[in-house]
Amino acid sequence: MPTPLPENARLPLFARIRAAIPGWMGGLLTGVQGVVLSYLVVLVPALAAVAGAPSLDGSAAVDWSGATAIATDLWLLGHGVPFVTDQATLSLIPLGLPLVTAGILAAVARRFAVKTWASWALAVAAFAMGAALIGWLGAPDGLRSGSAARAALVGTLIAAPAVAAGIWRAYGARLRILDIIPDPVRAGLRLGLGTLALVIAAAAAVGGAWAVLGMDHISVIAASLRMDPLGAGALAVAETLYVPTMVCWMVAWLVGPGFVVGTGSLYAVDTLTADALPSVPLLGALPSGSGGWWVWAPVGVVALAAFARALLSRRIGLDWDSAKSAGVAIAAVAAGLATLTALSRGSAGPGRLADMGAEVVPVTLIGTALVMVGYGLVWGTLAAWRWTRGRVRGDDAAVTGPVPLAGVRPDAAEVKDAAAPAR
């Protein structure tokens, strides 16, 4: 008779590993794996590109160290550490990389971290220390301390919510401190973040439409580079990491002020001033038109804000608490627009390429004003409807007497008094 397998053998592989290690070790493994896997996202394409590219001197030697240095610089750039050279400073963040890092951390935390504060803290600390180590090793002499500190700080900001999200997905963890947040604030945050998500989604859709319209230009640029398949794949990975950055630019375009890609240029709904750009296929997806119907694009932001406000009309009404919720929502939208604009602004090279992105103040002020108009339209519509309905019911009551609200039964004493004969 065969011996039955132990109970742990029937569990999935990750469950058996998690059951065999202590809880604090799971947090440590989460942070370490987050650093390694996110670094491999940029290292593997760089090594593949340099392995397939012919050397400049005609020898068979492969510059592995050069590819590793490029990957390290790109990883640090994605985690807020600028790439500084004698000619220029590259500070334009590929926002796709921190998003990929957060996704990796959430997935790993879901498998290895446990539902304890110690596990969460160790995961965040391990990732921050790993980021600091890469910042120290990848920075030139004289900038190592600053690079390590900045990488650790940004790494903490990325890892803290990502690991918490992974633990929540695995165990359904709940922060009791959130219970002290008043309901109007919660409703306002839900409205503001929902509005911001709709605006970002619309900007991504508009950017995708411009990319489709510019496919011919993109193909011409790609063909002119004459890259081998491995090099083209590595370039595609790097460009993909910059797609979220361009989506933030499109938010500024949709709001109205627009953005610049080099000093002297302007991409806006009413103005298009383009100049010579680097031979990068992704830049072929920039807007290629302005004026005409495009000047009405900011009205779309008003419509999206009104749509979000209408969806939450049952939760956010017309009373004082609802006014506070609307204020919180407007503040959340303003903070979100300012953050997105600031993160997508920076330098991409020397000369005129030192100015890339949108201005924070105009995008924040105009975008917030458009959202306020959308909220105000819904508020005014609801107020007018309730006033009209109240006047109609009031006129009816003048003829037929008071009418109880639907679903509300009159008090027994009132029924008795109404049924008693008049004296």
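Residues numbered from 1 in each chain as written. Predicted model: local features only at pLDDT ≥ 70, side-chain atom pairs only at ≥ 80, totals over all residues. Heavy atoms only, no water.

(A) Local environment of the overall build of the protein chain. Within the protein chain, the secondary structure is distributed over 14 helices and six strands. Here the analysis covers contacts within the protein chain between residues at least 6 apart in sequence; of these, 74% occur between residues at least 24 apart. As presented, the protein chain carries roughly 23,500 Å² of accessible surface, and 69% of it is formed by carbon and sulfur atoms. (Helix = DSSP H or I, 4+ residues; strand = E, 2+ residues; numbered from the N terminus. Contact = heavy atoms within 4.5 Å. Areas by Shrake-Rupley, 256 points an atom, 1.4 Å probe, with all protein chains shown as cover.)

(B) Summary view of the packing of aromatic side chains. Summed over the entire model, instances satisfying the criterion amount to six aromatic pairs. Ring geometry for W253 and W294: centres 5.4 Å apart, planes at 70°, overall edge-to-face. Within this pair, whereas W253 is found in helix α10 (residues 243–255), its partner W294 is found in the loop between β5 (272–273) and α11 (297–311), the two being separated by 41 residues in sequence. Residue classification places W253 among the buried positions, given a relative accessible area of 1%. Of the residues examined, W294 reaches a relative accessible area of 34% and is grouped as partly exposed. Aromatic rings pair up to connect W210, W253 and W294 into one cluster. (Phe/Tyr/Trp six-rings, centres within 6.5 Å; stacked < 30°, edge-to-face > 60°. Buried < 20%, exposed > 50% of the residue type's maximum accessible area, 1.4 Å probe, protein only.)

(C) Region of interest: the environment of G336. Within the secondary structure layout, G336 lies in helix α12 (residues 320–343). Overall, G336 belongs to the buried group, its relative accessible area being 12%. Taking the C-alpha atoms as reference points, G336 and T368, separated by 32 residues in sequence, lie 9.9 Å from one another.

(D) A look at the side chain of S347. Structurally, S347 can be placed in the loop between α12 and β6 (356–357). At 3.3 Å, the side chain of S347 and the backbone oxygen of G349 are in polar contact. (Polar contact = N/O pair within 3.5 Å; in protein donor to acceptor, adjacent residues only side chain to side chain.)

(E) Seen up close, unusual backbone geometry. For R226, which is not glycine, the phi dihedral falls at a positive 50°. Mapping R226 onto the fold places it in the loop between α8 (215–225) and α9 (229–241). The exposure class of R226 is exposed, given its relative accessible area of 77%.

(F) Main features of the pattern of salt bridges. All told, the structure shown has two salt bridges when counted by the stated rule. Between R345 and D355 there is a salt bridge, with the nearest N and O atoms lying 3.0 Å from each other. Taken together, the residues R345 in the loop between α12 and β6 and D355 in the loop between α12 and β6 connect sequence positions ten residues apart. Across the pair R345 and E359 runs a salt bridge, and its minimum N-O distance is 3.3 Å. Remark: E359 occurs in the loop between β6 and α13 (360–400) and R345 occurs in the loop between α12 and β6; sequence separation between them is 14 residues. (Salt bridge = Lys/Arg side-chain N within 4 Å of Asp/Glu carboxyl O.)

(G) Main features of the packing of helix α3 (residues 64–78) against helix α5 (residues 117–138). For the pair α3 and α5, the least separation of the axes is 10 Å and the interaxial angle reads 130°. Regarding the angle of α3 to α5, the classification is oblique. For the pair α3 and α5, the sense of crossing is left-handed. Residue-level inspection shows T72, D73, W75 and L76 of α3 in contact with α5, the latter providing F127, A131, I134, G135 and G138. When its residues are assigned to classes, the contact of α3 with α5 shows five nonpolar, three polar and one charged. (Axes fitted to C-alpha atoms, helices over the stretch in contact; angles between N-to-C directions. Parallel < 35°, antiparallel > 145°, perpendicular 65-115°, else oblique. Left-handed = near helix turned anticlockwise from the far one by under 90°. Nonpolar A, V, L, I, M, F, W, Y, C, P; charged D, E, K, R; others polar.)

(H) Structural detail: a nonpolar patch on the surface. A grouping of L28, V32, V36, L37, L40 and V44 is seen on the molecular surface, where their side chains present a nonpolar patch of about 440 Å² in accessible area. Within the element layout of this structure, L37 appears in helix α2 (residues 23–52). With a relative accessible area of 38%, L37 lands in the partly exposed category. (Patch = residues over 30% accessible without salt bridge, like charges linked within 9 Å, V, L, I, M, F, W, Y side chains within 5 Å.)

(I) Spotlight on helix α6 (residues 144–171). With 28 residues, α6 should cover 40 Å at 1.5 Å per step; its first-to-last C-alpha distance of 39 Å lies within 8% of that length. Of all the bends found along α6, the most pronounced is centred on A159 and spans about 25°, while P161, a proline, follows it within four residues. Of the positions making up α6, those classed as buried are S147, A148, A151, A152, G155, I158, A159, A160, A162, V163, G166 and I167. Once α6 finishes, G172 follows within two positions and takes phi at roughly 70°, a positive value. (Expected span 1.5 Å × (residues − 1). Bend = angle between axes of the 7 residues up to and from the residue.)

(J) The nonpolar core, seen in detail. Of all hydrophobic cores here, the largest spans 47 residues; its most connected members are W249, W253, F259, V261 and L286. It is α10 that provides the largest number of residues to this core, a total of nine residues. Every residue in contact with V261, bar those within four places of it in the chain, is listed here: W249, Y267, L277, L283, L286, R352, D355 and M356. In this structure, V42, A71, V124 and A131 belong to the second largest nonpolar core, which totals 27 residues. (Core = buried A, V, L, I, M, F, W, Y, C linked by side-chain atoms within 4.5 Å.)

(K) Representation of the environment of P140. Within the fold, P140 resides in the loop between α5 and α6. Owing to a relative accessible area of 42%, P140 belongs among the partly exposed residues under this scheme. Once the C-alpha coordinates of P140 and F83 are considered, the two residues, 57 residues apart in sequence, prove to be 9.7 Å apart.

Function cannot be read off these values alone, since they describe shape.
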